[in-house]
Amino acid sequence: MDRVALRGLKARGHHGVFPKEREEGQTFIVDLVLGLDTRPAAADDDLSKTVHYGIVAEEVVAVVEGDPVDLIETLAERIARTCLKHEGVQEVEVCVHKPDAPITVPFDDVTVTITRSRV
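Residues numbered from 1 in each chain as written. Predicted model: local features only at pLDDT ≥ 70, side-chain atom pairs only at ≥ 80, totals over all residues. Heavy atoms only, no water.

An unreviewed UniProt entry lists the protein chain under the name 7,8-dihydroneopterin aldolase, with Streptomyces rubradiris as the source organism. According to its UniProt record, the protein chain has this under Catalytic activity (unreviewed entry): "7,8-dihydroneopterin = 6-hydroxymethyl-7,8-dihydropterin + glycolaldehyde". UniProt's Pathway (unreviewed entry) comment on the protein chain is quoted here verbatim: "Cofactor biosynthesis; tetrahydrofolate biosynthesis; 2-amino-4-hydroxy-6-hydroxymethyl-7,8-dihydropteridine diphosphate from 7,8-dihydroneopterin triphosphate: step 3/4." (UniProt positions renumbered as here; feature names shortened; annotations may be inferred.)

Here it is as structure tokens:
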């Protein structure tokens, strides 16, 4: 299976279990790896035979900016479902970063990574 990756998609969302997170929101960063067969697109040099990563990026940002959830695990699941709606995408790895998580000790990042497939 071939891979198309999008790294560092940024969007502001209001996800989290604490009222401040819901009220003020924060930046979330999403990395995606889409698994699909790119051979038909490459053979014909035809965008319609692969995944349009620009559209995927817009849809993922809309999910992050959309209805709030408590957990980034839930957010990752919603993003994965959105990606798998695209014909040809057989598998997706989603990594959601929450660099401004409300943690009381120094840290660089919090991430949740999931892999989902059509099977």
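This is not the end of the story, as more comes after the structure.
Caption draft 1: How the structure looks around the side chain of Gln-26. Within the secondary structure, Gln-26 sits in strand β2 (residues 26-36). A distance of 3.1 Å separates a polar atom in the side chain of Gln-26 from a polar atom in the side chain of Glu-21. (Helix = DSSP H or I, 4+ residues; strand = E, 2+ residues; numbered from the N terminus. Polar contact = N/O pair within 3.5 Å; in protein donor to acceptor, adjacent residues only side chain to side chain.)

Caption draft 2: Representation of the nonpolar core within the structure. Val-30, Leu-32, Leu-34, Ile-79, Val-94 and Val-96 are the most contacted members of the largest nonpolar core, which has 29 residues in total. It is helix α4 (residues 72-84) that contributes the most residues to this core, 7 residues altogether. Each residue touching Leu-32, except ones within four places of it in the same chain, is listed here: Val-4, Ala-5, Leu-6, Arg-7, Leu-9, Val-56, Val-60, Ile-79, Cys-83, Val-92, Glu-93 and Val-94. (Core = buried A, V, L, I, M, F, W, Y, C linked by side-chain atoms within 4.5 Å. Buried < 20%, exposed > 50% of the residue type's maximum accessible area, 1.4 Å probe, protein only. Contact = heavy atoms within 4.5 Å.)

Caption draft 3: Structural view of the sheet that holds strand β1 (residues 2-13). Sheet architecture is open: 4 strands sit in the order β1-β2-β3-β4, paired in antiparallel fashion. Bordering the open sheet on either side are β1 and β4 (111-117), each of which pairs with just one other strand. Averaged over all adjacent pairs, the angle separating strand axes in this sheet is 15 degrees, with direction ignored. Pairing geometry for β1 and β2, over 10 bridges, is antiparallel. (Pairing = 2+ DSSP bridges. Axes fitted to C-alpha atoms, helices over the stretch in contact; angles between N-to-C directions.)

Caption draft 4: Looking closely at the environment of Glu-87. Among the secondary structure elements, Glu-87 is positioned in the loop between α4 and β3 (91-97). Using a relative accessible area of 78% as the deciding quantity, one classes Glu-87 as exposed. In the structure, Glu-87 is positioned 39 residues away from Ser-48 in sequence and 10.0 Å away in space, judged by C-alpha atoms.

Caption draft 5: Focus on a nonpolar patch on the surface. Side chains of Val-17, Phe-18 and Leu-71 sit close together on the surface and give an oily, nonpolar patch of about 280 Å² of accessible area. Along the chain, the position of Leu-71 falls in the loop between α3 (53-65) and α4. Under the relative-accessibility criterion, Leu-71 is labelled partly exposed at 41%. (Patch = residues over 30% accessible without salt bridge, like charges linked within 9 Å, V, L, I, M, F, W, Y side chains within 5 Å. Areas by Shrake-Rupley, 256 points an atom, 1.4 Å probe, with all protein chains shown as cover. Salt bridge = Lys/Arg side-chain N within 4 Å of Asp/Glu carboxyl O.)

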